[in-house]
Structures are given as C-alpha cells and as structure tokens.
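# Topology and contacts: notes
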Amino acid sequence: MPIRVLDPKVVSRIAAGEVVERPASVVKELVENSLDADSSQISVETRGGGLSLIRVTDNGVGIPAEEVELAFNRYATSKISDFEDLGSISSLGFRGEALPSIAAVAQVDIATCAAGESIGSYLAVEDGVTVNRESQGRSQGTTVTVRNLFRRVPARLKFLKSLATENSHIANVVSQYALAFPEVKFALFIDGRVALRTPGSGRLIDSVTQVYGLEVAQKMLEVGDREEEWQSGAPISTPRVTGMIGSPSVSRSGRGYLSFFVNRRWISSRLLAWAVEEAYHGLLMAGKHPIALINISLPAGEVDINIHPTKAEVKFRNEHLVFGAVQKAVRQALIELAPVPKIEEVATTYVSPSASKQISWTLPESGDSPATSPPVAPQTPAVSLPVLRVVGQLSGSYIIAEGPDGLYLIDQHAAHERILFEKIKYQRSPSGIEVQGLLEPVTFEVNPKQGEVLKLHYEDLGEFGFSIEPFGDRTYLVRAVPALLHDKDWAGMLRELLDAVSGEDRGDWVESLAMSIACHGAVRAGQALTSDEMRELIRQLEQVTVPQTCPHGRPTMIRLSSEQLKREFGRT
Ligand code: ADP
Ligand code: MG
C-alpha cells in the first residue's frame, strides 16, 4: 500500500482512542468538565454499562451560546491560552480534547446555559458533525448526553468487559471524585438505581461514609490538616498533605483503596502508594493494604500534569520531597492513634505455601556422601495418599507424618483448605453446608463497586450457607452464615471477594466463593492441633480428589522418600 494521509474521520477516531478507552473514561472527562465549571451539584446517569447512555448534568457556569460549537473542536479550550499557562494549570482539563474525542466515537448532545444568559442552547453532534442546533430553555449549567458509545468502533467494543465490569469502573470514577470534592453534591444512577449520593457538605468524612460505608468511616483517622502549622515557616514548595487513612484494623487485600489527589486531580502513583505502605510498615499483616485518601497540594510549577494521555499520572519536580511528606503525614496520624496496635506477624499471618517452600531440610552432610549429592527436592505424591501415621506438629503449622514410602510434611492450612474446598464445592446444597443463624441480623455495607457485583450474585450466596438479602441501596441484611465462618471475619472475606472478582462469569464467582470460604474457614498456620485433630485432618485429606495442592494450586505437602533419607545419611 502506498503512503496516504488518513481521512480526518479516521484520524479523529484514532486520536479519540487515547482519551476514551472505556465508558468510565467518558464519565471521568465529563465530571472533570463539570468540576472545572465550578459546579456544586453533579449528577451522573448511565445505562447499559455506559454504552447506551451516559448523561452528566451540572449547575456550573455553563457555556455561552456562541461558544458551544467551538467546544467540540479539537484543541478548543477555555482553560489555557498559551504554552506558559501549562505551567500553572489549576483546572482539571486543559487540552480541549475530551468533547471532540467523545463526539468522534458516539452521538453527543449538549444543553447548556451560561451565567447571565436568558435562554440556553442545544447542540447535537454525530460522528463529529453538528446535526442539530437550537435555543432551549434551561437553568444555568450544562447537561452532556452521550449515546451509543463505540457503536462505530467495533474493535473497541470487542475489548470491553461485561456491563457489570464497566459499571464498576464507572462507580469507581464517580466515587473517587466524590472523595476529592466533598463540597460537591454527587449523585450516580446506574440503570435507574441510586449507586452513590454524597451530601456535598464539604466534610471528607461524609463522602467517605457514602463511598466506603459507615463501618469504615468510623475507623478513619485524619491526616495533616494543620493549616497554620503548614503555613508557618515551610518553604513554598513543600507539599501540603491532608486526607484520611484507615486505622490498621480496616486493612484490605488489594491496593484499590489507595486514592491520591494532586491539586485535586485524581491520579495513580506507585510512588505515593509506596510512601503510604511504608508508613504502615509493621502495622498490617502480610498481604494486607491500607485504606487511604491523600490530598497533596503543591504549587503548580512543582508538578507536571501533562505527561499522560488521560492525565492519570503526574510527574513531581521533587519526588523525594513529596514521598517524604506523604509518608511523614501518614505515619504521624498512625502514631497519634495510641496505642499503636502491633500485629504479631508470625502468630496470625497465613503462611503462604511459597514461604513454606523455603523451609529447608537442613540435613547434615555426612562425610562420605559425595559433595555433589543432589539437593533434596520437595516431591509431591503422584496420586492419592497412602495411609499416614501422625508423628507430630512442626512450628505449629506443619504436620509431620510417616507413610510406607517416606516422611511427609503437610501444610495444615493448605491441606484443610483443600478438604473444605472440595466439600463446599461438591456438597453445595441447603443440606450439604452447615449453616449458623446469627442471633441478630447483621447489616453488611458495600461500596458502589462492590455493590455492582453483589447485586448480581447475592442469591448464589444462599447455596453456600449465607442468608443475605438487600436492605436499602448499598446495604444488605445477613441472617445466617456458613457455620465454618461464624466466628471468623466473614464480612471481611465477602468484601475481599467482591473487590477481587469482576462478577461477569457466574462460574468464576462460585469457584472464588468456594475458595474464599475454604481459605477463611481452614485452620490457620500457627494453630496448635491435638493428635486427634491431626489424624482427622489427614483422614479427610486421604479422601479428597486432589490432596497434593490447595485450591490455589500450591502444594499441601512435601515428601522425603525413604531412598532420599538413606542417601542423605550415607547408607546404601
Ligand atoms: P478541556 O476540558 O480540556 O478544556 P473539553 O473538550 O473537555 O476540553 O471541553 C472543551 C471546553 O468546553 C472547555 O474548555 C469548557 O470551556 C467547555 N465545557 C465543557 N464542559 C463544560 C461544562 N460542563 N460546563 C461548562 N463548560 C464546559
Ligand atoms: Mg475537559
């Protein structure tokens, strides 16, 4: 093919791809525009995962009638006028790309009325071309409606996940901006349901309560916000850090609860995530992550926001300074929470089998065995287990047992997890799983993202011994739980699970649920077992179909064969 200049329509669709990756990107751009317009109320409505409809309505400054069409031109912006302005941007938008990009891949219309205008304007754009324009009465503010997103970009449609996943991304974007702008009243409606509402009170804690629920909100600690202290004497380039963090007792199993806002822009930053996690060092169990909302304010010249197509990342002029300020502020808040709960990692942490692999058999190298004798490789039995005799427990975590073909070291947690997993998976029925009714129903709150998944699947939980029913927008009522979990943190387990799965595939969800219940119900590492308990565990392990690995595929045991023992001790 000879070189040809692409048709402008093709060019604009390609360029749009940088900004509009998925429905949630449209929501982000439109909400940012509403925030830049000084709105105090922003309402977001979506249907069909945002593909059928996205509508963002605000009460901001609006667009003057003569500028409405211009807003859809590429690189048309009211926010900067020359290159120098890039160094001092205080708005969220500045490239003038969002509206034209969205219009290149969807049908867009806008109804807007600027302050001081008596009548508003309406404009409809399709495929980047204006198809309708008229005057229309409305109160001050702007409504942008986006329909049939990506309908003409089949390649992009193909890469989207299920509607549930897209909804959860949308819920996340709106949640993040609700956290960044507590003074703005947000409402999010997904397919006609209220997914989030914030009061716009200006208090961060009120937004946190709406997004993460009351339970989390009650355990949040304030970070920084001693304005006087910060102002006095600090050099002007010193970042000011404010926000809220979760006390160590509300940790989460993923990093999805770390939110960073730089000059009120929601960004992702591994550097800052690291700074926060460093501050929690020693306070959380292994594999757990904190909840944190961190606002960083610093002079515009100290940060470059123009390094990423969707403005999702920024570059700090002095990374060390920002890292240190965040870490210090978070640490300070944690220290003030007296007494700092120290978690004994060994006693309560689930020792992952990868760690168990590091336990080495330190067999003495006998004099006459050749120095090159092969290292003792952990072996797993090929098929089902032979009859084993329990010898004892090691480190409170491993069962030592003897079989006809050698010595077995069994990870008690992993083994029990496998036993429970098979029981739960194969016997799932009202009679198969023992249920424990709760003395009083317990309310279970979910954040908007978790809510999207739970809505689809809460009925399945019944098969696993949970009795759970919707109770208001983002609250469920739990009346019974699997007996296995009744004295465990089943609410934490459910939240972890809802965070981890996207919910599109019911099979995946059911499998993950069985795994989670098994993992949380199983004996822990570090838990002393009686000989009878160990014997019973091994008897049950002999009966499962795949005794060698836990449901996650990690080994439950290693075996040292009689031959290896002889070799190691130099006998023939
Ligand atoms: P940018 O935000 O980078 O300036 P956009 O394409 O998102 O670019 O928007 C173009 C222009 O349209 C903005 O600069 C602003 O003047 C105007 N605009 C868009 N949305 C709104 C809104 N909700 N309220 C007021 N003005 C808006
Ligand atoms: Mg914009």
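Here, the structure is the one placed above.
Here's a quick rundown of the structure. (Residues numbered from 1 in each chain as written. Chains lettered and ligands numbered in written order. Predicted model: local features only at pLDDT ≥ 70, side-chain atom pairs only at ≥ 80, totals over all residues. Heavy atoms only, no water.)

## Things to note about the pairing of strand β16 (residues 389–394)
As a reminder, the rule being used: At least two bridges found by DSSP between two strands is the condition for calling them paired. Each helix is a run of H or I in the DSSP string that is no shorter than four residues. Each strand is a run of E no shorter than two, and both are numbered from the N terminus.
Pairing geometry for β16 and strand β17 (residues 398–403), over five bridges, is antiparallel. Counted as the bridge partner of R389 is E402 from β17. With antiparallel pairing between neighbouring strands as the criterion, β16 and β17 make up a hairpin whose turn holds three residues, including S395 at a positive phi of roughly 50°.

## Considerations on the packing of aromatic side chains
Any aromatic ring pair is given by two values, namely how distant the centres are and how the planes are angled relative to each other. Heads up, the rule is: In this scheme Phe, Tyr and Trp rings, the latter by its six-membered ring, pair at centre separations within 6.5 Å, and the angle between planes marks the pair as stacked below 30 degrees, edge-to-face above 60, and tilted otherwise. Exposure categories follow from relative accessible area, calculated using a 1.4 Å probe and restricted to protein chains: below 20% of the type maximum is buried, above 50% is exposed, and the middle band is partly exposed.
Taken as a whole and judged by the stated rule, the model has six aromatic pairs. Look at Y212 and Y257: their rings are 5.2 Å apart centre to centre, the planes differ by 45°, and that puts the pair in the tilted class. Taken together, the residues Y212 in helix α6 (residues 204–212) and Y257 in the loop between β10 (240–246) and β11 (258–262) connect sequence positions 45 residues apart. On the basis of relative accessible area, Y257 is assigned to the buried category, the value being 5%. In this structure an aromatic cluster arises from ring pairing among Y177, F181 and W266.

## As for helix α5 (residues 163–180)
Formally: Here a helix's expected span is defined as the number of its residues, less one, multiplied by 1.5 Å.
Its 18 residues give α5 an end-to-end C-alpha distance of 26 Å, which sits within 8% of 26 Å, the value for a rise of 1.5 Å per residue. Most of α5 sits inside the fold, with 15 of its 18 residues counted as buried.

## Describing the side chain of Q540
Keep this limit in mind: Contacts are residue-level and defined by heavy atoms, with any inter-residue pair within 4.5 Å sufficient.
Structurally, the position occupied by Q540 is in helix α17 (residues 531–543). Setting aside chain neighbours within four positions, we find Q540 in contact with I419 and K423.

## Quick look at the site of ligand 1
This is how the line gets drawn: Near residues are defined by distance, with any heavy atom within 4 Å of the molecule or strand qualifying the residue. As used in this structure description, the phrase polar contact means that two N or O atoms lie within 3.5 Å; if the pair is within protein, one of them must be able to donate a hydrogen and the other to accept it, and residues adjacent in sequence are counted only when both atoms belong to side chains. Amino acid classes used here: Ala, Val, Leu, Ile, Met, Phe, Trp, Tyr, Cys and Pro are nonpolar; Asp, Glu, Lys and Arg are charged; the rest, including Gly, are polar.
Taken together, 20 residues are adjacent to ligand 1, and N33, T77, S78, K79 and G96 come closest. Contact distances for ligand 1 include 2.9 Å between a nitrogen atom and a side-chain N or O atom of D58. In the environment of ligand 1, an oxygen atom lies 2.6 Å from a nitrogen or oxygen atom belonging to the side chain of T77. For the shell around ligand 1, the secondary-structure elements that each account for two or more residues are α2 (23–36) and α3 (98–104). With three residues, the single largest contributor to the shell around ligand 1 is α3. Here the residues of the shell around ligand 1 are counted per class, giving eight nonpolar, eight polar and four charged.

## Regarding the environment of A217
Tracing the backbone shows A217 in helix α7 (residues 214–217). When the C-alpha atoms of A217 and G246 are compared, they prove to be 8.1 Å apart, with 29 residues separating the residues in sequence. For A217, the contacting residues outside a window of four places in its chain are I205, V208 and T209.

## So, helix α9 (residues 270–279)
Taken residue by residue, α9 has L272, A273, A275, V276, E277 and A279 as its buried positions. On its buried face, α9 sits against β11, β12 (265–267), β13 (292–297), β15 (315–316) and α10 (319–336). Where α9 begins, one side-chain oxygen reaches toward the backbone nitrogen of L271, 3.3 Å away; that side chain belongs to S269.

## A word on a nonpolar patch on the surface
Our working definition: Exposure above 30% relative accessible area and no salt bridge define the residues that can form patches, which grow by joining like charges within 9 Å and nonpolar side chains of Val, Leu, Ile, Met, Phe, Trp and Tyr within 5 Å. Note on areas: Shrake-Rupley with a 1.4 Å probe; residue coverage comes only from the protein chains shown. What counts as a salt bridge is simple: a side-chain nitrogen of Lys or Arg found within 4 Å of a carboxyl oxygen of Asp or Glu.
A contiguous nonpolar surface patch, about 330 Å² in accessible area, is contributed by L6, V10, V11 and I14. Of note, V10 is situated in helix α1 (residues 8–19).

## Description of empty space enclosed by the protein
Operational definition: Here the term cavity refers to a set of points on a 1 Å grid, laid over the protein atoms alone, in which a 1.4 Å probe fits but cannot get out; the term pocket refers to an open set having protein on both sides within 12 Å along at least five of seven lines, with lining residues being those that place an atom within 4 Å of a point. Grid points are joined across faces, edges and corners, and a volume is the space filled by probe spheres set on the points.
Under the definition given, this model contains three cavities of 30 Å³ or more. Each pocket or cavity is described by its volume, and for the second largest cavity that value is around 100 Å³. Contributing to the lining of the second largest cavity are A104, V105, A106, Q107, E126, D127, N148, R151 and R152. A per-class count over the lining of the second largest cavity returns three nonpolar, two polar and four charged.

## Quick word on the packing of α2 against α5
The test is simple: Angles here are taken between N-to-C directions and fall from 0 to 180 degrees, while the axes themselves are lines fitted to C-alpha atoms, restricted in helices to the stretch in contact. Orientation categories follow fixed angle ranges, with anything under 35 degrees roughly parallel, anything over 145 roughly antiparallel, 65 to 115 roughly perpendicular, and all other angles oblique. For any pair of crossing helices, the crossing counts as left-handed if the nearer helix is rotated counterclockwise from the farther one by less than a right angle, and right-handed if it is rotated clockwise.
Running from amino to carboxyl end, α2 crosses α5 at an angle of 20°, the nearest separation of the two axes being 8 Å. What the angle tells us is that α2 and α5 run roughly parallel. Both α2 and α5 take part in a crossing whose hand is right-handed. Residues P23, A24, V27, K28, V31, E32 and L35 of α2 form the contact with α5, whose participating residues are E166, H169, I170, V173, V174 and Y177. Across the contact of α2 with α5, the residue classes tally to nine nonpolar, one polar and three charged.

## Remarks on the sheet that holds strand β7 (residues 185–190)
The strands that make up a sheet are held in pairs by hydrogen bonds between backbone atoms, and each pair lies either parallel or antiparallel. Taken in spatial order, the eight strands make up an open sheet running β5-β4-β3-β6-β2-β1-β7-β8, and their pairing is mixed. Unpaired on one side and paired on the other, β5 (129–136) and β8 (193–197) mark the two borders of the sheet. Strand-to-strand twist across the sheet, computed as the mean angle between neighbouring axes with direction ignored, equals 10°. As defined by bridge partners, strand β4 (residues 120–126) adjoins β5 across seven bridges and the pair is classed as antiparallel. The residue bridging E126 from the neighbouring strand is V129, located in β5. Its contacts with the sheet place helix α14 (residues 448–457) against β7 and β8, and it is angled at close to 160° to β8.

## Observations concerning the sheet that holds strand β19 (residues 435–445)
Ordered by their spatial adjacency, three strands build an open sheet running β19-β21-β20, and the pairing between neighbours is antiparallel. Two strands bound the open sheet, and with one partner strand each, they are β19 and β20 (467–470). Going across the sheet, the axis of each strand differs from the next one's by a mean of 15°, ignoring polarity. Where β19 and strand β21 (residues 475–482) come together, seven bridges link them in antiparallel fashion. The partner of V435 across the bridge, within β21, is P482.

## A look at unusual backbone geometry
For D127, which is not a glycine, the phi torsion comes out positive at approximately 55°. The topology assignment puts D127 in the loop between β4 and β5. Phi is positive for R264, which is not a glycine, with a value near 75°. By secondary structure assignment, the location of R264 is in the loop between β11 and β12.

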